[in-house]
Amino acid sequence: MLFNCAKCPGYCCSYPIIPLNKKDVWRLAKHFGIGFREAKKKYTKPQEDEKYSMRRKADEHFGKVCQFFDTDERRCTIYTARPSTCRTFPGGRCGYYDFLTFERNTQDDPEHIATTWSD
Ligand code: SF4
Ligand code: SF4
């Protein structure tokens, strides 16, 4: 594996738009034991073409993150119910993790959190 999410502050969870499709909303609804409409209202923001994105909340490092991100533990709180985009991201390699590793090595600080990287 070329990246390690357990050692990362969760940069990808701070993306402005974390898209969800209907199946993703259904998965959330089932996870929380509520109906589709309630889940849609509680957890998503409407986007174009009847698509949705995650609601977000404040984060001290990245400004805003997904509402389901634990900002103390720096991890997802709904891992088994996370949307499809989170299941497939980032593929083979994570650009942010490469950058983070470089910065941590350069600064000799394994806890450093890089906040200015963009892809
Ligand atoms: S930014 Fe990369 S390393 Fe960090 S949590 Fe996301 S996928 Fe994992
Ligand atoms: S659902 Fe979980 S993995 Fe996906 S953006 Fe939110 S906190 Fe991150």
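**Observations concerning the packing of helix α1 (residues 22-32) against helix α2 (residues 36-43)**
Across the interface, α1 lies against α2 with an axial gap of 8 Å and an inter-helix angle of 100 degrees. Considered as vectors, α1 and α2 are oriented roughly perpendicular to each other. Of the residues in α2, those touching α1 at Lys22, Val25, Trp26, Leu28, Ala29 and Phe32 are Phe36, Ala39, Lys40 and Tyr43.

**Section: the site of ligand 1**
In the vicinity of ligand 1, the contacting residues are Cys5, Cys8, Tyr11, Cys12, Phe89, Pro90, Cys94, Tyr96 and Tyr97. In terms of residue class, the shell around ligand 1 is made up of nine nonpolar, no polar and no charged.

**As for the site of ligand 2**
Around ligand 2, the surrounding shell consists of Cys13, Ile18, Met54, Cys66, Phe68, Phe69, Cys76, Ile78, Pro83 and Cys86. With respect to the detected pockets, ligand 2 is housed in the largest pocket. Tallied by class, the residues present in the shell around ligand 2 amount to 10 nonpolar, no polar and no charged.

Calculation notes
Residues numbered from 1 in each chain as written. Chains lettered and ligands numbered in written order. Predicted model: local features only at pLDDT ≥ 70, side-chain atom pairs only at ≥ 80, totals over all residues. Heavy atoms only, no water. Axes fitted to C-alpha atoms, helices over the stretch in contact; angles between N-to-C directions. Helix = DSSP H or I, 4+ residues; strand = E, 2+ residues; numbered from the N terminus. Parallel < 35°, antiparallel > 145°, perpendicular 65-115°, else oblique. Contact = heavy atoms within 4.5 Å. Near = heavy atom within 4 Å. Nonpolar A, V, L, I, M, F, W, Y, C, P; charged D, E, K, R; others polar. 1 Å grid on protein atoms, 1.4 Å probe; cavity = no way out; pocket = protein on both sides within 12 Å on 5 of 7 lines; lining within 4 Å. Sits in = over half its atoms within 2 Å of the grid points.

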